[in-house]
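Residue strings, one per chain:
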Amino acid sequence: MADPSEMYDEFGNYVGPALDSDSDSDDSSAAPSVPSEPDQDEHDLPEDPMQDGELPAPPAQVGAPSAAIVLHEDKQHYPSAARVFGEDVAAAVIDEDSQALEEPIVAPTRTKNFSSSRTRDIDAAGAGGVPPPEYSVPKEYEVALTATPSLLRGVAVVGHLHHGKTALVDLLNDSARAGPSGSRPPLPPRFTDTLQAEQDREMSIKSTPLALAHQTTAGKTFVATFVDCPGHVNFHDESLAAMRAADGVLVCVDAVEGMMIHTEMLLSHALSESLHITLVITKLDRLILELHLPPADAFYKLQHTIDSVNSYIKSKNPLHKLLSPDRGNVAFSSAHHGYAFTTHSFASRYYATAPDAARNNMSAYEFGKRLWGDCYLDPDTRKFKRSNKQFRAKNVPRTFVQFILEPLYKLYTQCLGETEKDAQLALKTVGVDMTKSALRQSARPLIREACVKFFGEGHAAALIDMIVDHVPSPDRAASRKVEKFYSGDQTSEIAEAMRNCDPKGPLMVNIVKLYSSSDGSSFSAFGRIYSGSVRVGDKVRVLGEAFTLDDDEDMAFGQVQGVYMPKGRSLAGVTSLSAGNWIVIDGIDSSIAKTATVTGTSEDCAQAEIFAPLNFFTAGGESAVKIAVEPLNPAELPKMVEGLRRVCKSYPMARTKVEESGEHVLFGVGELYLDCVMHDLRHMYSEVEIKVSDPSVPFCETVIETSSVKCFAETPNQKNKLTFISEPLEDGIGMAIEKGHVDLSKDVKEVGKFFQSNFNWDILSARSVWAFGPGDKGGNILMDDTLPGEVDKQLLDTTKNSIVQGFQWAMREGPLCEEPVRNVKVKLLDAALATQPIMRGGGQVIPTARRAVYSSLLTASPRLMEPVYRMQIQCPNEITGAVLPLLSKRRGHIVKDAPVPGSTFTTMRAYIPVIDSFGFETTLRSFTQGQAMVFSVLDHWNVVPGDPLDSNIILHPLEPSPVPHLAREFLIKTRRRKGLSDNVSIYKFFDESVKEQLMDGDAE
Ligand SMILES: Nc1nc2c(ncn2[C@@H]2O[C@H](COP(=O)(O)OP(=O)(O)O)[C@@H](O)[C@H]2O)c(=O)[nH]1
Ligand SMILES: [Mg+2]
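First things first, this report covers the structure right here in the doc. Nothing here was measured: the structure is a model prediction, and the numbers come from that model. (Residues numbered from 1 in each chain as written. Chains lettered and ligands numbered in written order. Predicted model: local features only at pLDDT ≥ 70, side-chain atom pairs only at ≥ 80, totals over all residues. Heavy atoms only, no water.)

A word on the overall build of the chain. Along the backbone of the chain there are 35 helices and 34 strands. In terms of principal-axis extent, the alpha carbons of the chain reach across some 135 × 95 × 65 Å. Across the 1004 residues of the chain, 51% fall into the buried class. Carbon and sulfur atoms make up 52% of the accessible area of the chain, which amounts to about 46400 Å² in all. Once the 100 positive and 135 negative side-chain charges of the chain are each reduced to a mean point, those two points are 15 Å apart. (Helix = DSSP H or I, 4+ residues; strand = E, 2+ residues; numbered from the N terminus. Buried < 20%, exposed > 50% of the residue type's maximum accessible area, 1.4 Å probe, protein only. Areas by Shrake-Rupley, 256 points an atom, 1.4 Å probe, with all protein chains shown as cover. Lys, Arg positive; Asp, Glu negative; His and termini not counted. Charge placed at Lys NZ, Arg CZ, Asp CG, Glu CD.)

Bringing the nonpolar core into the picture now. Formed by 236 residues in total, the largest nonpolar core has its most connected members in Phe226, Phe332, Phe724 and Ile803. Excluding residues within four positions of it along the chain, phenylalanine 332 makes contact with Ile281, Leu284, Leu302, Ile306, Pro325, Tyr339, Ala340, Phe341, Trp372 and Phe400. Counting 14 residues, the second-largest nonpolar core is a separate cluster that includes Ile737, Val751, Trp761 and Ile781. (Core = buried A, V, L, I, M, F, W, Y, C linked by side-chain atoms within 4.5 Å. Contact = heavy atoms within 4.5 Å.)

Glancing now at the environment of threonine 225. Here threonine 225 shows up in strand S4 (residues 221–228). Residue classification places threonine 225 among the buried positions, given a relative accessible area of 5%. With residues up to four places along the chain from it excluded, the contact list for threonine 225 reads Arg153, Gly154, Val155, Pro209, Leu210, Ala211, Pro566 and Trp582.

Once that is clear, we can look at the coordination of the magnesium ion (ligand 2). Each protein donor to the magnesium ion (ligand 2) is listed here as Thr166 (OG1) and Ser204 (OG); together their distances run 2.0 Å. Here serine 204 lies in the loop between helix H9 (196–201) and strand S3 (208–215) and threonine 166 lies in helix H8 (residues 165–175), a separation of 38 residues in the sequence. Classification of serine 204 as buried rests on a relative accessible area of 7%. (Donors = N, O, S within 2.8 Å, 3.2 Å for Na, K, Ca; no water.)

Moving on, we come to the site of ligand 1. What surrounds ligand 1 is a group of 16 residues, the closest being Lys165, Thr166, Ala167, Asp285 and Ala335. With respect to ligand 1, the backbone of glycine 164 contributes an N or O atom lying 3.0 Å from an oxygen atom. Threonine 166 is positioned such that a nitrogen or oxygen atom in its side chain is 2.6 Å from an oxygen atom of ligand 1. Coverage of ligand 1 by the protein chains reaches 82% of its 570 Å² of free accessible surface. For the shell around ligand 1, the elements supplying multiple residues, two or more each, are H8 and helix H12 (284–289). (Near = heavy atom within 4 Å. Polar contact = N/O pair within 3.5 Å; in protein donor to acceptor, adjacent residues only side chain to side chain.)

Bringing the pairing of strand S21 (residues 625–631) into the picture now. With respect to burial, S21 is a largely interior element, six of its seven residues being buried. Here three bridges tie S21 to strand S24 (residues 690–692), and the two strands are oriented antiparallel to one another. For proline 631, the partnering residue across the bridge sits in S24 and is isoleucine 690. (Pairing = 2+ DSSP bridges.)

Turning to the side chain of threonine 595, a few remarks are in order. By the element assignment, threonine 595 lies in the loop between strand S19 (582–586) and strand S20 (596–600). According to the relative accessible area criterion, threonine 595 is buried, its value standing at 5%. Engagement of the side chain of threonine 595 in a polar contact is seen with the side chain of glutamate 545, the distance being 2.7 Å. Residues contacting threonine 595, with those up to four places away along its chain left out, are Ile511, Val512, Glu545, Pro613 and Leu614.

It is worth spelling out the packing of helix H24 (residues 637–650) against helix H25 (residues 671–685) at this point. Axis separation between H24 and H25 bottoms out at 9 Å; the angle between their running directions is 125 degrees. Viewed along their axes, H24 and H25 adopt a mutual orientation that is oblique. Crossing handedness for the pair H24 and H25: right-handed. Counted together, Met640, Gly643, Leu644, Arg646, Val647 and Ser650 of H24 and Val677, Asp680, Leu681 and Tyr685 of H25 form the full contact between these two elements. A per-class count over the contact of H24 with H25 returns six nonpolar, two polar and two charged. (Axes fitted to C-alpha atoms, helices over the stretch in contact; angles between N-to-C directions. Parallel < 35°, antiparallel > 145°, perpendicular 65-115°, else oblique. Left-handed = near helix turned anticlockwise from the far one by under 90°. Nonpolar A, V, L, I, M, F, W, Y, C, P; charged D, E, K, R; others polar.)

Quick look at the pattern of salt bridges now. One pass over the full model with this rule turns up 41 salt bridges. Notably, a salt bridge pairs lysine 827 with glutamate 727, separated by 3.5 Å at the nearest N-O pair. Note that lysine 827 is positioned in strand S30 (residues 824–832) and glutamate 727 in strand S27 (residues 721–728), a separation of 100 residues in sequence. Among the residues examined, lysine 827 registers a relative accessible area of 16% and is labelled buried. According to the relative accessible area criterion, glutamate 727 is buried, its value standing at 14%. Linking glutamate 969 and lysine 973 is a salt bridge whose minimum nitrogen-to-oxygen distance equals 2.6 Å. Placement of both glutamate 969 and lysine 973 in helix H34 (residues 966–977) is noted, with a separation of four residues, approximately one turn of the helix. A relative accessible area of 13% places glutamate 969 in the buried class. Where salt bridges share partners, they join Glu727, Glu730, Asp785, Lys825 and Lys827 into one cluster. (Salt bridge = Lys/Arg side-chain N within 4 Å of Asp/Glu carboxyl O.)

Under the counting rule described, the total for this entry stands at 32 aromatic pairs. Each ring, one from tryptophan 372 and one from phenylalanine 400, has its centre 4.8 Å from the other, and the planes form 85 degrees; the classification is edge-to-face. Placement of tryptophan 372 in the loop between helix H15 (364–369) and strand S9 (376–377) and of phenylalanine 400 in helix H17 (residues 399–417) is noted, with a sequence separation of 28 residues between them. By relative accessible area, which is 0% here, phenylalanine 400 ends up buried. One Lys or Arg, arginine 655, reaches over the ring of phenylalanine 667 and ends 4.2 Å from the middle of that ring. (Phe/Tyr/Trp six-rings, centres within 6.5 Å; stacked < 30°, edge-to-face > 60°. Lys NZ or Arg CZ within 6 Å of the ring centre and 35° of its normal.)

The residue alanine 654 is located in the loop between H24 and strand S22 (655–658) in this model. Note: C-alpha distance between alanine 654 and leucine 674 (20 residues apart in sequence) is 8.5 Å. Once residues lying within four places of it in the same chain are set aside, the contact partners of alanine 654 are Lys594, Cys648, Phe667 and Tyr673.

What follows is about unusual backbone geometry. Going from glycine 773 to proline 774, the amide bond is cis rather than trans, its omega being -5 degrees. Note that proline 774 resides in the loop between strand S28 (769–773) and strand S29 (780–784). Unlike most non-glycine residues, histidine 162 shows phi in positive territory, near 60 degrees. The residue histidine 162 is located in the loop between strand S2 (152–159) and H8 in this model. Residue histidine 162 is classed as partly exposed on the basis of its relative accessible area of 44%. The phi torsion at glutamine 718 lies on the positive side, around 60 degrees, for a residue other than glycine. Positionally, glutamine 718 belongs in the loop between strand S26 (711–714) and S27.

If you walk across this open sheet you meet the five strands as S26-S27-S30-S29-S28, and the pairing is mixed. Taken across any chain shown, the strands that pair with only one partner, and hence form the sheet edges, are S26 and S28. Direction aside, the axes of adjacent strands within the sheet are offset by 25 degrees on average. Set on the sheet, helix H29 (residues 793–812) makes contact with S27, S28, S29 and S30; between it and S28 the angle comes to about 20 degrees.

Together, Ile94, Ile105 and Val106 give the surface a local cluster of nonpolar side chains, amounting to about 310 Å² of exposed area. Counting through the fold element by element, valine 106 comes out in the loop between helix H5 (81–85) and strand S1 (119–120). (Patch = residues over 30% accessible without salt bridge, like charges linked within 9 Å, V, L, I, M, F, W, Y side chains within 5 Å.)

Right, let's talk about helix H30 (residues 842–858) for a bit. In a regular helix each residue adds 1.5 Å, so 17 residues correspond to 24 Å; H30 covers 24 Å between its end C-alpha atoms and thus fits that length. By the burial criterion, the buried members of H30 are Val845, Ile846, Thr848, Ala849, Ala852, Val853, Tyr854, Ser855, Ser856, Leu857 and Leu858. Buried-residue contacts for H30 involve strand S25 (700–703), S26, S27, H29, S30 and strand S31 (862–876). (Expected span 1.5 Å × (residues − 1).)

On the surface, Asp550, Asp551, Asp552 and Glu553 cluster together into a negatively charged patch. Within the secondary structure, aspartate 552 is located in the loop between strand S14 (539–543) and strand S15 (555–559).

Axis separation between helix H11 (residues 261–272) and helix H13 (residues 295–316) bottoms out at 10 Å; the angle between their running directions is 45 degrees. Here H13 runs oblique to H11, going by the angle between their axes. In this structure, the crossing between H11 and H13 has a hand that is right-handed. In contact with Glu264, Leu267, Ser268 and Leu271 of H11, H13 contributes Val309, Tyr312, Ile313 and Lys316. Of the residues contributing to the contact of H11 with H13, the split by class is five nonpolar, one polar and two charged.

In short, shape yes, function no, at least from these values alone.
Have a look at this one:
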């Protein structure tokens, strides 16, 4: 055969002899293309194991180059994708440029998981979640205990931000675990901060219930459900929901910071709901290690904290039982160092080792009672004395210092200050056996180990003792709860069964909170069973907040798909739970908006009514910040609306509203609150890009004078004429109505008495109150001031309903910018009514009443009102001077300024209008390099300075308006946002003759 090189020119073109036809080449192994291919493949094969044996291998190819012709199009240069990657991998063939560059060709599968590992233990293994910790009380035993209500307790763990609630619950959780404390693996810290966002922000956002079976120091086992509540004032609503379900509260107060603004709000709410209060002074170690207070001063600091809590309680309810360590309702703890004690548990600890002779015929309980306050042990007589006169000179310490603080301080100093050998010996004398290597650990684990050994296993048992003694069991607390919150007939069989906590009674569960699943797709309902039992598979009726026996629209049927005991990060599945328990139910959330009542479908549950919805009064009653939200892509509006619905389920106080302009408005209590709501909305509940407006506030409208003329309006048929005037309501009445202190559905005499005794009204006006508005609890009053001689009262009674409706409408949307009206007393002065009923129907009277009320408001110097925050600022003493200028720039002022005793901090109380508070916290933090903390709560509504109707004011865009122009600015901005014209057309509401009167008045 010719040399191949000669057959091609230097450009690779064939220049050899002319080729024969196809049939000739059949047996020609010299044909250049055919044999060369298999050849090449053969060489490649051994090198690439992936391809080994994967090519279609005709027998001829294996041994020797095949002579068979393989057509070009049949040639397989590479193995198919199926062969390389397996049958279950799809190969996508996609045209160039048909997809945006940022879009992945194969999108990664996404699993949404926003909680660290909230799993149901029945499927924990399958779901890949962290298995729940092993507890010393087996689950079966715990479930058996739940059948006895007297062995159950429900406690909300509440307190100010970072006062150690979550850490305290961790301590309780750790103490309930199986095995000796040294040998068990550490739990993930902040066990009840289940959400990823909570871990990232290092603060709790949602309340988390955790049921624990734990022994008391006496060895009796109780099942206590702790609800770890968030401490930030913005999330006060979570604490309110938890308190609604609980029978008692465990108020945590930081030993250094003392009472803070949120502690006050929580105490106030606990008192208003008649919950049993217990106190824990947390982070005791800070007094020793951070403030370096000598034991005697530490005692004063602790006493001061307890006194401040007591004086607050006294100011709210003078008859309330006070808190004191000697009564056993105050405990001390350091979660970092693994201990919690009461004076009684400390006394028992002494008694465990003390010889009989040393006990002086005194029980441990009696000894514990003498370990607090001005109590001294006389060193000469060995008797306890409650007077310090003779001991002060002799420098005898108080018993609390002598028997509790000094030993504790010694434990710390031995661990931290002594050589290993000395420390080992000294610790041994108090029963703490530490190895040398243990003594070489760093400070925190070392002290923790020493303390846990000192206080013994079950180191949080003292807290359980306190709860068992001072929080009633659900069967004892039920009657008070039912009386307070059950809206139905208190004498009915249902109420009776609930009071008895009867597991065989009609099913009644009060759902107080919804917890979202870890991917945000569904919710579990958390609540308390008042009577009956819940079993998996039960058919139930879910009554919403708007349900009444007459109107059952807000009612849905559901089926219980899961019954669980809450266990922090996991849920322990059980088949049923009975009255007195705190329960998590799956499968019934779809119709629940915020709270609900779950009842059975049987005949005995037919008359069940609802539990009252949550009352947010201690959080200011309403949400003071609003933002408008809008999807970036308008087509995604339905997705966003669904997201908003779910966000409202998840946050008890979040509220949405659709303005008439179609704008979706989201209301929240503060910046942090809305930040969390928006995070959940964007990522968890609707993966939509959302545009958010600048934060704004809702306004209210009011009047500051009495109407200048009697304002009347005629109905369109000119047969009826109503005359009204408006005037400001006396201070405090609006608040009393909103708080529900007076209820018009009650007896007229009772209502009359309320106004007479509290506000000095005369009996005539007190009896002539027709309505409050807007709604039953709106802070405005409609009064009938007509004279019986001039008006036919019987005729008037027949139209009362329509007039009230007109009034309600006017109060709901005021004349200035359609915002609700506040603090106004509207008086009906005269009513000329048609005699034929058809002429004075609702269609005629309602709009006319509204118009006349509007005109009476507009002639009474209408003003705008804005919400005002009460603010607590905590900062180091040296930078307090920097705060005032920042505040006064934003129309704020300081009302109180006091150093925190025993520390280098100052706390200030200030007021600031909510609309000017946006960004204040950030400014203050950056100004003080993060040393200041700010907490704000809605406190009251204030009149915005300036006349909103003054059309002489010219507003300059992008320039801050001077203070007297603010009302006008807010009015115009609000009107524009709502799609209304800039100016209020005042005369639209007046009848011609009123207009003339006003014109005359103006001319004069
Ligand atoms: N020194 C000290 N710090 C603690 C103790 N307990 C909690 N902390 C710290 O206080 C901060 C807030 O604790 P956390 O339990 O999250 O507070 P919560 O907001 O009340 O739940 C964290 O930084 C904890 O490390 C304690 O016993 N001693
Ligand atoms: Mg917390």
